[in-house]
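Structure at a glance
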Amino acid sequence: MFCDYEGADYRTRFWEGADRAYEDAVERVALSRLLPARGRRIAEFGAAFGRLADLYAGYREVLLIDYSRSLLQEAQQRWGGDPRFRFVVADIYHLPLRDGVLDAATMIRVVHHLADVPAALRQVRRALAGGATFVLEFANKRHLKAIARYALGRQAWRPFDLQPVEFAPLNFDFHPRWMLDVVRAAGFEVRARRAVSYLRVGFLKRRLPLRLMVGLDALLQPSGAIALLSPSVFVQLVALPANQAGAELSGDAIFCSPRSGAPLRREGDALVCDADGTRWRVDGNFYDFKTPV
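Here's a quick rundown of the structure. Small disclaimer: the values here were computed from a predicted structure and weren't measured.

Unlike most non-glycine residues, Arg 109 shows phi in positive territory, near 55°. Among the structural elements, Arg 109 can be located in the loop between strand 4 (102-107) and helix 4 (117-127). You will see that Ser 197, though not glycine, has its phi angle at about 75°, which is positive. Counting through the fold element by element, Ser 197 comes out in the loop between strand 8 (188-196) and helix 7 (202-207).

Written out as structure tokens, the structure is:
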């Protein structure tokens, strides 16, 4: 029900070996504008190799969470020397986090790989304290290029239909209205919207200076408050007050069994759940909740 990047060369093939400096830069602009600069504990869901981790410098604790061990090991190589970081291998549909332990979270370039978006967002909401900020990015099916392709007969699916379109296996584009309805149903209030990557066109990237493209995109991003017609959309969400219980937990106490949701206790290099009998490996600041030991 989601893509597994285990063993993939995602960092080199998709980012460092591709012409995506523009995408990286404008996503950083959007995230910096929407995410509180400081806080106690933040989680990035789908953090991969830690591309955006430097933007969390104002947080006392940072959880980089991904389903791929290999990508998180790359992130650990980059950020493992910073004691604020913990690296958590986990399934987004069964998060090993106690209720309300986060005061901020991000999910960038992830939700378009999820077959059950409502279930994933409910898990994120559960882990957030009431009033916490969540910055979500999603791929927009109703963007200008898609509208033009459909009008010219070069695209079969209608960009105006509300339902998500799976244009490749486990690759979804979403209508903004559908996504905003889903996040509200999951327990979030929409506070801000940003339209990102309007200039994601090959010939522009080949001809215009990167600095100019990023500056233009930064000027265009606030247009998302009026209309969302860009390929990528960033939304600033706030968790509606519901759960506060876990806000003061610290250390290993923030984790729970992904099988039962029950508390865990430390036993050597494992976290043990007495309620369901599972054991989960811990190696320093690297927590593996993918497969019990």
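That shown, we press on.
A cluster of nonpolar side chains, namely Leu 212, Leu 216 and Leu 219, defines an oily patch on the protein surface of about 290 Å² accessible area. Within the secondary structure, Leu 219 is located in helix 8 (residues 210-220). By relative accessible area, which is 67% here, Leu 219 ends up exposed.

One can find Ser 70 in helix 3 (residues 69-79). Under the relative-accessibility criterion, Ser 70 is labelled buried at 17%. Within the structure, Ser 70 has its side chain in polar contact with the side chain of Ser 68 (distance 3.1 Å). If we skip the residues at most four places from it in the chain, Ser 70 touches Tyr 5, Glu 6, Gly 7 and Ala 8.

Phe 45, Leu 102, Phe 134 and Leu 136 are the most contacted members of the largest nonpolar core, which has 55 residues in total. Per-element accounting of this core gives the leading share, six residues, to helix 4. With sequence-adjacent residues up to four places away left out, Leu 136 is seen in contact with Met 107, Val 111, Leu 121, Met 179, Val 183, Val 233, Phe 234, Val 235 and Leu 237. Val 62, Phe 85, Ala 192 and Leu 199 belong to the second-largest nonpolar core, a separate cluster that totals 31 residues.

Rules and cut-offs
Residues numbered from 1 in each chain as written. Predicted model: local features only at pLDDT ≥ 70, side-chain atom pairs only at ≥ 80, totals over all residues. Heavy atoms only, no water. Helix = DSSP H or I, 4+ residues; strand = E, 2+ residues; numbered from the N terminus. Patch = residues over 30% accessible without salt bridge, like charges linked within 9 Å, V, L, I, M, F, W, Y side chains within 5 Å. Areas by Shrake-Rupley, 256 points an atom, 1.4 Å probe, with all protein chains shown as cover. Salt bridge = Lys/Arg side-chain N within 4 Å of Asp/Glu carboxyl O. Buried < 20%, exposed > 50% of the residue type's maximum accessible area, 1.4 Å probe, protein only. Polar contact = N/O pair within 3.5 Å; in protein donor to acceptor, adjacent residues only side chain to side chain. Contact = heavy atoms within 4.5 Å. Core = buried A, V, L, I, M, F, W, Y, C linked by side-chain atoms within 4.5 Å.

The values are spatial; any link to function lies outside them.
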